[in-house]
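Letter by letter, the chains look like this.
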Amino acid sequence: MNLNHTTSAAVLEELRRRPADRRRILFTGATVVTMDSGLGVLDGGDLLVEGDTITAVGPRLDAPDAVVVDATGAILAPGFVDTHRHAWEAQLRRIMPDVDDLGGYVMATLAGYATVYRPQNMYIGTRLAALTAIDSGITTMLDFSHNSRTREHSDAAVEALRDTGIRGVHAAMGPHFGDWDRQWPGDLPRLKSQYFSSDDQLLTLRLATLATDEIAGPALAYGPELARVARELGVGVSVDAVFGSASSDAVLRWAKDSILGPDVTLIHSTGLTPEAWQAMGESGTTVALAPTSDAQIGLETAIPAVDEALSAGIRPGLSIDVEVALASDMFTQMRALHAIQRMRAVNAAHGTGRQPSRITTRDVLDFATLQGARTNGLVGVTGSLTPGKKADLLVIQAEDLNNMPLNDPIGTIVLGSDARNISAVLINGETRKWNGQVLDVNLAALRGKVHASREYVLNTPAV
Ligand SMILES: [Zn+2]
């Protein structure tokens, strides 16, 4: 067994020397977890990347001129897809690890720290979040960017995604509290033409909004007016803070107004009524679960609504939400959801003689990849190792100390692995992590900027 090739500096140098559009990369001898239901898992399989696209998956592929990467002992998997994270908060990560409720988070962060953010603070938080996402195998990140106090704040957030090379979804919303330019949503057409004009690019735009007026008043609440803005721009909508009876009523209003659908994502969706779930299922609306914020911070019922979603015919995506209180990576989301759902299922069946209805590791990996892509409106682009999709993929070392010996590849990804096992990350065919290191970042310089930004935010009085 030769584990050296995916960690070889010479291979990386050769890959980066070749012009992107004519570059061919052949991964050989891997366990290929495609997450494509037609392709399944290949043992000892090859995968060919040409330019930015996966062009073939199968045994012993022939590819003259390709740079060959021996991936024996490794798993190839699609990159994870994060369906909702507030990236600008990253320099405040774990500042309130034991926050007990949404109100505590809102007052400290959205009514406090957020109000003093300058564009450069937006940039450094978003860049830090995106780099960390790549390191832990997240190749697509929806940045629910809800601190756009000026045009320049929006520009900084988008440019941080662009400069990092992640497949970024900029979901734009104005801030909840404090002084701001009130340029949202009026600035969205300008943002679209400046940064999102091509249909074939790494970055996409969505409109971000809240379910109700409970937190920040009517201006940020989803309804026919914001739906019209999104439709005129041709972008999807991500709705945060969807929980409880007020949100359930809102969902029924949206159904009546015909502003639900596959291009609308409802985030959290805890404590919703059966009638709301039925309306979501019938309209094909997508759902972004946030297992750790629901459970740990205690949103509404605190139970990630996976059973409710599946019962409505919705396979959800997963999301990280706020790093101020939660873990930054997708492994934590998968493991938390897997454990919570199975606990709930066994508990409900206990003593009844009924069989618990349990989700599997394959289910949660599907949520973290393909369903995340669908939720973010990118299922034709990413989320599985399907020929024709963009090359967003992970090389996961399955014979590292904590994973050897490889017995079940999906179990190894979901229950055994973490960022240290991801030796390489490709996004759109470009190497973003190699030999266990995130590329194209000066960590010492970044650290200095992160600390300076954190000091500014903590030491400036909220306005
Ligand atoms: Zn959120």
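Residues numbered from 1 in each chain as written. Predicted model: local features only at pLDDT ≥ 70, side-chain atom pairs only at ≥ 80, totals over all residues. Heavy atoms only, no water.

J.: How do you make sense of helix H7 (residues 244–256) when you look at a structure like this?
T.: For the α-helix, the turn length of 3.6 residues means that residues three or four positions removed from each other point alike. The first and last C-alpha atoms of H7 sit 19 Å apart over 13 residues, in line with the 18 Å expected at 1.5 Å per residue. Burial in H7 covers these residues: Gly-244, Ser-247, Ser-248, Ala-250, Val-251 and Trp-254. All buried residues of H7 fall inside an arc of 160° around its axis, so they share one side. Exposed side of H7, more than 90 degrees from the buried face: Ser-245 and Lys-256 are the residues found there. Buried positions along H7 lie against strand E10 (236–243), strand E11 (264–270) and helix H8 (274–283). (Helix = DSSP H or I, 4+ residues; strand = E, 2+ residues; numbered from the N terminus. Expected span 1.5 Å × (residues − 1). Buried < 20%, exposed > 50% of the residue type's maximum accessible area, 1.4 Å probe, protein only. Arc of directions from axis to C-beta. Contact = heavy atoms within 4.5 Å.)

J.: Explanation requested: the coordination of the zinc ion in the structure shown.
T.: Ideal values differ by geometry: the angle at a metal is 109.5 degrees with four tetrahedral donors, but 90 or 180 degrees with six octahedral donors. In this structure, His-84 (NE2), His-86 (NE2), Asp-240 (OD) and Asp-321 (OD) serve as the protein donors to the zinc ion, at separations of 2.0 to 2.7 Å. In this structure, the zinc ion is coordinated by 4 donor atoms arranged in irregular fashion, with angles at the metal of 77 to 175°. Here the donor residues of the zinc ion share one chain and are spaced in sequence as H-x1-H-x153-D-x80-D. Of this pair, His-86 sits in the loop between strand E6 (80–85) and helix H2 (102–110) while Asp-240 sits in strand E10, and the two are 154 residues apart along the sequence. (Donors = N, O, S within 2.8 Å, 3.2 Å for Na, K, Ca; no water. Tetrahedral: all angles 85-135°; square planar, octahedral: opposite > 155°, others 65-115°.)

J.: What should I look at first to understand the packing of aromatic side chains in this one?
T.: Both the distance between ring centres and the angle between the ring planes are used here to describe each pair of aromatic rings. As enumerated under the stated definition, the model contains 4 aromatic pairs in all. Centroid distance Trp-88 to Tyr-117: 4.9 Å. Interplanar angle 80°. Geometry classified as edge-to-face. Highlighted residues: Trp-88 in the loop between E6 and H2 and Tyr-117 in the loop between H2 and helix H3 (119–135), separated in sequence by 29 residues. With respect to burial, Trp-88 and Tyr-117 carry one shared label: buried. Ring geometry for Tyr-222 and Trp-254: centres 5.1 Å apart, planes at 70°, overall edge-to-face. With a gap of 32 residues between them, Tyr-222 in the loop between strand E9 (204–210) and helix H6 (224–233) and Trp-254 in helix H7 connect regions that are remote in the sequence. Here Tyr-222 matches Trp-254 in class, with each residue buried. Cation over ring: Arg-118 sits above Tyr-456, and NZ or CZ is 3.4 Å from the ring centre. (Phe/Tyr/Trp six-rings, centres within 6.5 Å; stacked < 30°, edge-to-face > 60°. Lys NZ or Arg CZ within 6 Å of the ring centre and 35° of its normal.)

J.: Before we go on, may I ask you to explain helix H14 (residues 443–459) in this structure?
T.: Helix length check: H14, at 17 residues, gives a terminal C-alpha distance of 24 Å against a target of 24 Å (1.5 Å per residue), a fit within 8%. By the burial criterion, the buried members of H14 are Leu-446, Val-450, Ser-453 and Val-457. Around the axis of H14, the buried residues are gathered within 70° of arc, so they sit on the same side. Exposed and facing more than 90 degrees away from the buried side of H14 are Ala-444 and Asn-459.

J.: So what exactly am I meant to see when it comes to the environment of Val-381 here?
T.: Note on placement: Val-381 falls in the loop between helix H12 (361–375) and strand E14 (393–397). Since its relative accessible area comes to 25%, Val-381 is described here as partly exposed. Setting aside anything within four residues of it in sequence, one finds Val-381 in contact with Arg-167, Lys-389 and Lys-390.

J.: Sorry if this is basic, but what is going on with the packing of H3 against helix H4 (residues 151–164) here?
T.: Two numbers describe a pair of packed helices, the interaxial angle and the distance between the axes. Axis separation between H3 and H4 bottoms out at 8 Å; the angle between their running directions is 30°. Taken together, H3 and H4 sit at an angle that is classed as roughly parallel. Our pair here, H3 against H4, has a crossing hand that is right-handed. In this structure, H3 contributes Pro-119, Met-122, Tyr-123, Thr-126, Arg-127, Ala-130, Leu-131 and Ile-134 to the contact, and H4 contributes Glu-152, His-153, Ala-156, Ala-157, Glu-159, Ala-160, Leu-161, Asp-163 and Thr-164. For the contact of H3 with H4, the per-class residue count stands at 10 nonpolar, 3 polar and 4 charged. (Axes fitted to C-alpha atoms, helices over the stretch in contact; angles between N-to-C directions. Parallel < 35°, antiparallel > 145°, perpendicular 65-115°, else oblique. Left-handed = near helix turned anticlockwise from the far one by under 90°. Nonpolar A, V, L, I, M, F, W, Y, C, P; charged D, E, K, R; others polar.)

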